[in-house]
Amino acid sequence: MTLALVDGNNFYVSCERVFNPKLEGKPVVVLSNNDGCAVARSAEVKALGVKMGEPWFKMRDLAKKHGILALSSNYALYADMSNRMMTVLRQFSPDQEVYSIDECFLGLDGFQHLDLIEYGHAMRQRVRQWVGIPVCVGIAETKTLAKLANHCAKKNHAGKEGVCDLTRMTDTERSALFSNIGIREIWGVGPRLTEQLVGRGITNVEALRNSDAKTLRREFSVVLERTIAELNGIPCMDLEEVVPNKQQIMSSRSFGQYVYDLAPLQEAVACYIAIAAEKLRSQGSVAGMVQVYVRTNPHKADAPQYQRGLTVPLTEASDDTLLLTRAALWGLKKLYRPGYAYQKAGVALLNLSAAGAPQMDLFSTAKDNSRVMAVMDRINGMWGRGTLHSAAEGVRHDWHMKREKVSPGYTTRWDQLPLVT
Amino acid sequence: MNGHQVPGCATLPGERLFAGLPQPCIPQPGIPMLATPVPAGFPSPAADFVEDRLSLDEHLIEHKEATFFVRVTGNSMTGFGIHDGDLLVVDRALHPADRSVVIAVVDGEFTVKQLCRIPTGVLLRANGNGHSDIFVGPDQELTVWGVVRWSIHSI
Ligand SMILES: [Mg+2]
């Protein structure tokens, strides 16, 4: 198998730069909608040491000093630019797996007669010209290696000008390269697994590649065994293979301003449930438990601190937003204590299983809402999340950070087109 | 990708797109809806002559993924029939030829001008009421953002 992973560079920032050339060469961050964390950073911002997910309030001084420009997320724009990018890339291979908003795998079996490095450059050039987005291309024999090749291209560890083809390397060259890459860069190796493996002396990709897969499988998981095989060029994941469903779905945000009363907390929690439930239904699962938590700002040590979570079991698993909301709000009411400045709330849907026959439940009004939910998801998918919502989500969203730094709907709104003089 | 793409279903980078997202059932423009069976005995006399209805998208857009719309402000290009408030159809897939009308980036701003290659460099020609042309020397950087294919003017 030969395949490419194509990944947009600082995708959200790049989308913004297409329509606002003044951002070129400047440090730019894109902030998440309502918690003010960095969700995309330009190279200039990364160089300043700003981490992914860093809260805006923490980088304010740095921003002032270095002139970092912050933008709110413009998801309508990013979704449109993503569609354009993916469609252009499909010109290069009929086998495409869109993996995320800015990444796709392209199957290259049957393209071996081409110079794949040149082919990678052609992809890069075309996406850049047609859509305006810079991308990097990693080429290898397995998905895990293609991801790693892409990482190398992006960080300039190997390859040239944003294209890295591992299939052109000898095994000695690979060993040298992999010895210098930490295992946390490997696809599917999370922070916890990294820590455990480092504890056993496995720190770099080369060390993991040469570890005994069977032993590690017993100690960790079959997923790690597959990863090791893939690192050795043995494909374990097909192109269209659907990754296993998530075992828990979480949704949480920090508030744009402190929240004191129960009502805005309820709105926020209902909103998070709506987001999480949408994900739950999209993967065809139902949840058996709903967890809700609130906390004050731990960085403000002088203020009274409160942090508590509560898990509400459902008598029968469900994917119904209204029902999950009711359970979460019931939990929230038990948790809530007046007199605190709440900074964050969150929910988690737990005990997930495959959706089956219609369910009934403690909180249920014995009415099956699945059709309502399907319509809700479809409409929210078409017109943006939150077009339709349950009444508990509220409409005022005081706790919501203003999206005042959001750029225009350059490609989605007639009244917001780019202007030319 | 076609008319069935769902706009607005954004995910974060690294987060998987939904596999089972319900697709909205929107008939594609331009495709005649003859899939429904016609009752026996009533053959439609028009069926043999069915053709796609004319579509402006088809007429104006050659490369869907590379085409963007922009709005004109000012009167620097009236000589080219491009007026204040006009809607321009811009194709980024095309290579700008000499004398193409292009969207260029000058000092971080978009401007619509005619690209003219001259011996000493490139001239971005305006053709309006006294607006001056912009000269770009060989040592200066010029970004051509896209090639203007159509100007849509409201009467
Ligand atoms: Mg990316």
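Counting restarts for each chain: residues are numbered from 1 in the order of the written sequence. Lettering of chains starts at A and numbering of ligands starts at 1, both following the order in which they are written. In keeping with the predicted nature of the model, local features appear solely for residues at pLDDT of at least 70, side-chain atom pairs appear and are counted solely at 80 or more, and the whole-chain, interface and lining totals rest on all residues. Side-chain numbers here rest on the full set of heavy atoms in the structure, without hydrogens or water.

**A word on the overall build of chain A**
Within chain A one finds 14 helices and 14 strands. The contact criterion used throughout is that any non-hydrogen atoms of two residues lie within 4.5 Å. Sequence-distant contacts in chain A: of pairs separated by 6 or more residues, those separated by 24 or more amount to 69%. Areas reported as accessible are Shrake-Rupley estimates using a 1.4 Å probe. Residue values count occlusion only from the protein chains shown. Counting only carbon and sulfur atoms, one obtains 52% of the accessible surface of chain A, whose full area is about 19,200 Å². Strands here mean DSSP runs of E at least two residues long; helices mean DSSP runs of H or I at least four residues long; both are numbered from the N terminus.

**Regarding the coordination of the magnesium ion**
All names here are of chain A. For Na, K and Ca the donor cut-off is 3.2 Å, while for other metals it is 2.8 Å, and in both cases only N, O and S atoms qualify; water is not among them, so sites may look incomplete. Around the magnesium ion, the donor atoms from the protein are Asp7 (OD), Gly8 (O) and Asp102 (OD), and they sit 2.2 to 2.5 Å away. Every donor residue of the magnesium ion comes from the same chain, spaced as D-G-x93-D. Note that Asp7 is positioned in strand 1 (residues 3-8) and Asp102 in the loop between strand 5 (96-100) and strand 6 (103-107), a separation of 95 residues in sequence. Here Asp7 and Asp102 have matching classes, each one buried. For every residue, the accessible area (1.4 Å probe, protein chains only) is compared with the maximum for its type, and the residue is labelled buried under 20%, exposed over 50%, or partly exposed between those bounds.

**Thoughts on the pattern of salt bridges**
Residues and elements named next belong to chain A. Definition used for salt bridges: Asp or Glu carboxyl oxygen within 4 Å of a side-chain nitrogen of Lys or Arg. Within this structure, the stated rule accounts for 15 salt bridges over all chains. The shortest N-O distance in the salt bridge between Lys147 and Glu103 comes to 2.4 Å. You can see Lys147 sitting in helix 6 (residues 143-155) and its partner Glu103 sitting in strand 6, a full 44 residues away along the chain. Per residue, the accessibility class of Lys147 equals that of Glu103, and both read buried. Note that Asp171 is salt-bridged to Arg209, the shortest N-O span being 3.5 Å. One end of the pair, Asp171, is in helix 7 (residues 171-179); the other, Arg209, is in helix 9 (residues 205-209), and 38 residues separate them in sequence. Among the residues examined, Arg209 registers a relative accessible area of 7% and is labelled buried. What you see here is one network of salt bridges that share partners, running through Asp171, Glu206 and Arg209.

**Things to note about the sheet that holds strand 1 of chain A**
Residue and element names in this part refer to chain A. Being paired, for any two strands, means DSSP has found at least two bridges between them. Taken in spatial order, the 5 strands of this open sheet run 5-6-1-7-8, and their pairing is mixed. Edge positions in the sheet fall to strand 5 and strand 8 (163-165), since each has one partner strand and no second. Averaged over neighbouring strand pairs, the angle between their axes works out to 15° when direction is ignored. Relative to strand 7 (residues 135-140), strand 1 is paired through 6 bridges, and the arrangement is antiparallel. Each residue of the ladder has a partner; that of Val6, found in strand 7, is Val137. Against the sheet, helix 4 (residues 75-90) makes contact with strand 1, strand 5, strand 6 and strand 7, and its axis sits at roughly 155° relative to strand 5, the strand it touches most. Only the stretch in contact is used when fitting a helix axis, every axis being a line fitted to C-alpha atoms; angles between N-to-C directions are given from 0 to 180 degrees.

**What about the environment of Arg125(B)?**
Residue and element names in this part refer to chain B. Looking at the secondary structure, you find Arg125 in strand 5 (residues 121-125). You can call Arg125 partly exposed: its relative accessible area is 27%. Along the chain, Arg125 and Leu115 lie 10 residues apart, while their C-alpha atoms are 6.5 Å from each other. Excluding residues that lie within four positions of it along the chain, Arg125 makes contacts with Met77, Phe80, Arg99, Lys113, Gln114, Cys116 and Asp133.

**Details of the sheet that holds strand 2 (residues 87-91) of chain B**
Taken in spatial order, the 8 strands make up an open sheet running 14(A)-1(B)-2(B)-7(B)-3(B)-4(B)-5(B)-6(B), and their pairing is mixed. A strand with exactly one partner marks an edge of an open sheet, and here the two such strands are strand 14 (419-420) of chain A together with strand 6 (134-136) of chain B. Pairing of strand 3 (residues 101-106) of chain B with strand 7 (residues 143-152) of chain B involves 4 bridges; the strand directions are antiparallel. Paired with Ala104(B) across the strands is Val144(B), a residue of strand 7 of chain B.

**Thoughts on the side chain of Asp80(A)**
Residue and element names in this part refer to chain A. Among the structural elements, Asp80 can be located in helix 4. Polar contacts, as counted here, are pairs of nitrogen or oxygen atoms within 3.5 Å of one another; within protein the pair requires one atom able to donate a hydrogen and one able to accept it, and residues that are adjacent in sequence qualify only if both atoms are side-chain atoms. A polar atom in the side chain of Asp80 sits 3.0 Å from the side chain of Arg84. If near-sequence neighbours (up to four positions away) are discounted, Asp80 is found in contact with Thr411 and Thr412.

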